[in-house]
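# Examination of the molecular architecture
The residues making up each chain are set out below.
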Amino acid sequence: MKILVINCGSSSLKFQLLDMNDESFLAKGIVERIGSEGSSITYETQKTGKIKNCESAINHTEAAGLVFRYLADEKNGVIKDINEIDAIGHRLVHGGEEYSSSVIIDDKVIEALKKYSVFAPLHNPANILGIEACRNLLPDIPMAGTFDTAFHQTMPDYAYMYALPYSIYEKYRIRKYGFHGTSHRYVSGIAAKALNKSNTKIITCHLGNGSSVCAVCNGKSIDTSMGYTPVDGLVMGTRCGDLDPAIVNFIEKEEHLTHNEVDEMLNKKSGVYGISGISNDFRDLENAMHSGNKRAKLALEIFDFRLRKYIGAYTAIMGGLDALVFTAGIGENDWETRYFACKDLEFLGIEIDENKNKTVRGNFADISLPDSKVRIYVIPTNEELMIARDTKELVSVLIS
Ligand code: ADP
């Protein structure tokens, strides 16, 4: 079974075609700057390597058409005909309180995406564009969707409620939803298998440009650091994370900013970028820190400090810890962040093997010392594979 995974943003469309017989990737890439001048496609297969071409894509339907043309191209394609694609799996962002697992996409799901656009105004409308583009071009192909929020629907009410007047929750469903759910589910599943025991307590650290931590108890998310929106929790590339809400009013007033401008500051001008004034990329920050830049050092220290707070807090709420998992761009590649996250946590049973930690890259690795009570894993995330697996399962039921 060949499954195409689509991840649609407002001006981009990421894709990956997987052969689910052996879960291998056949082709992947991204169409960028949809609707603008200078749109392009980046396309990659084992045979072609990465190719980037300027290609017109005035809307998402054209972008999807472009993807299908490349996939079935005589020279560089990986399929003879687009009808070889058995199903499409969409990465969806916000399913509100309605969706706790992946679903076959029908009109009801599209209505739900519209309804929850109020919670994810940039992402849900883009998800709808992706679904409609595929429907326009391949109306008969079955499609499924995996919500970023779904995995966290198992959080208990005392974890997801904010201590605001209850009517605010009743009226608007303002609560913690959490994000990166597909990644937390994927890596915690691999960690649970590696632990090979029942009753597992796992903390997963998805550390990328956007970062979140999740407490996973017996396979279920019981708390996560992102909240009502992805701006909450850890310090991120450009997002501030945890913040006293009174600061928002203060900045708005004193800096003469509109709500939207403050929102942009919290989401795009804060985080390690805002503190350092240099970059949101940890490679740049570490280079700057090692050359003596004090603000780069401070930005990284604030990031590490908050990450350690969450590790401590989540160990406490689970009453112990079996495994600590690092994933995504920083978690998979940055040994310094992993080192500082684990340093001095021996009292919690977290003991890192410093040599192994420095050498690991790109593969599953156990970087804890042999006697460490807590296993420390580096696990490359693969949200596309998780979406493709869910799609395969749902579609197989549909066609059997
Ligand atoms: P996104 O949230 O955009 O999916 P990724 O998970 O791809 O982000 O992570 C991107 C981030 O990972 C970069 O901004 C950078 O900070 C970090 N990163 C990537 N490679 C390295 C590396 N070799 N060393 C340190 N940090 C890295």
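The structure displayed is predicted, hence computed values, not measured ones.

Parameters and conventions
- Residues numbered from 1 in each chain as written.
- Predicted model: local features only at pLDDT ≥ 70, side-chain atom pairs only at ≥ 80, totals over all residues.
- Heavy atoms only, no water.
- Axes fitted to C-alpha atoms, helices over the stretch in contact; angles between N-to-C directions.
- Helix = DSSP H or I, 4+ residues; strand = E, 2+ residues; numbered from the N terminus.
- Parallel < 35°, antiparallel > 145°, perpendicular 65-115°, else oblique.
- Left-handed = near helix turned anticlockwise from the far one by under 90°.
- Contact = heavy atoms within 4.5 Å.
- Nonpolar A, V, L, I, M, F, W, Y, C, P; charged D, E, K, R; others polar.
- Near = heavy atom within 4 Å.
- Polar contact = N/O pair within 3.5 Å; in protein donor to acceptor, adjacent residues only side chain to side chain.
- Core = buried A, V, L, I, M, F, W, Y, C linked by side-chain atoms within 4.5 Å.
- Buried < 20%, exposed > 50% of the residue type's maximum accessible area, 1.4 Å probe, protein only.
- Domains from an automatic or database assignment.
- Pairing = 2+ DSSP bridges.

## With respect to the packing of helix H11 (residues 294-318) against helix H13 (residues 335-342)
One can describe the packing of H11 onto H13 by two numbers: an axis separation of 9 Å at closest approach and a directional angle of 50 degrees. Between H11 and H13, the angle is such that the two are oblique. Crossing of H11 against H13: the hand is right-handed. Where H11 approaches H13, its residues Phe 303, Asp 304, Leu 307, Arg 308 and Ile 311 are matched on the opposing element by Thr 337, Phe 340, Ala 341 and Cys 342. For the contact of H11 with H13, the per-class residue count stands at 6 nonpolar, 1 polar and 2 charged.

## Structural notes on the site of the ligand
Taken together, the residues surrounding the ligand are Gly 208, Asn 209, Gly 210, Asn 280, Asp 281, Phe 282, Arg 283, Ala 328, Gly 329, Ile 330, Asn 333 and Asp 334. Phe 282 places a main-chain nitrogen or oxygen 2.9 Å from an oxygen atom of the ligand. At the level of secondary structure, the elements contributing two or more residues to the shell around the ligand comprise helix H10 (282-290) and helix H12 (328-333). Grouping the constituent residues of the shell around the ligand by class yields 3 nonpolar, 6 polar and 3 charged.

## Brief notes about the nonpolar core
One finds Leu 4, Leu 13, Phe 15, Val 31, Leu 71, Ile 85 and Ile 88 to be the most contacted residues of the largest nonpolar core, which totals 44 residues. In terms of residue count, helix H1 (residues 60-71) provides more of this core than any other element does, 7 residues in total. Sequence-distant contacts of Leu 4, that is, excluding residues within four places in its chain, are made with Phe 15, Gln 16, Leu 17, Phe 68, Leu 71, Ile 85, Ala 87, Ile 88 and Gly 89. Ile 203, Leu 207, Met 289 and Val 378 belong to the second largest nonpolar core, which has 38 residues in total.

## Things to note about the environment of Ser 117
With respect to the secondary-structure elements, Ser 117 resides in the loop between helix H2 (107-115) and helix H3 (123-137). For Ser 117, a relative accessible area of 14% puts it in the buried group. Distance in space between the C-alpha atoms of Ser 117 and Gly 95 is 9.2 Å, their sequence separation being 22 residues. Apart from residues no more than four positions distant in its own chain, Ser 117 is found in contact with Asn 124 and Pro 125.

## Remarks on the domain arrangement of the protein
What the domain assignment reports for the protein is domain 1 (2-150) and domain 2 (196-383). Here the C-alpha centre of domain 2 lies 29 Å away from the C-alpha centre of domain 1.

## Re the pairing of strand S6 (residues 87-92)
For S6, the tally of buried residues reaches 5 of 6 residues, placing the bulk of the element in the interior. Pairing analysis gives 4 bridges linking strand S1 (residues 2-8) to S6, with the strands arranged parallel. Within the sheet, the bridge partner assigned to Leu 4 lies in S6 and is Ile 88. Examined bridge by bridge, S6 and strand S8 (residues 143-147) share 5 bridges and lie parallel to one another. Bridging from a neighbouring strand, Arg 91 pairs with Thr 146 of S8.

## Quick notes on the side chain of Thr 45
Looking at the secondary structure, you find Thr 45 in strand S4 (residues 40-45). A polar contact is formed between the side chain of Thr 45 and the backbone nitrogen of Thr 48, at a distance of 2.9 Å. Not counting chain neighbours up to four residues away, the residues in contact with Thr 45 comprise Phe 25, Leu 26, Ala 27, Asn 76 and Val 78.

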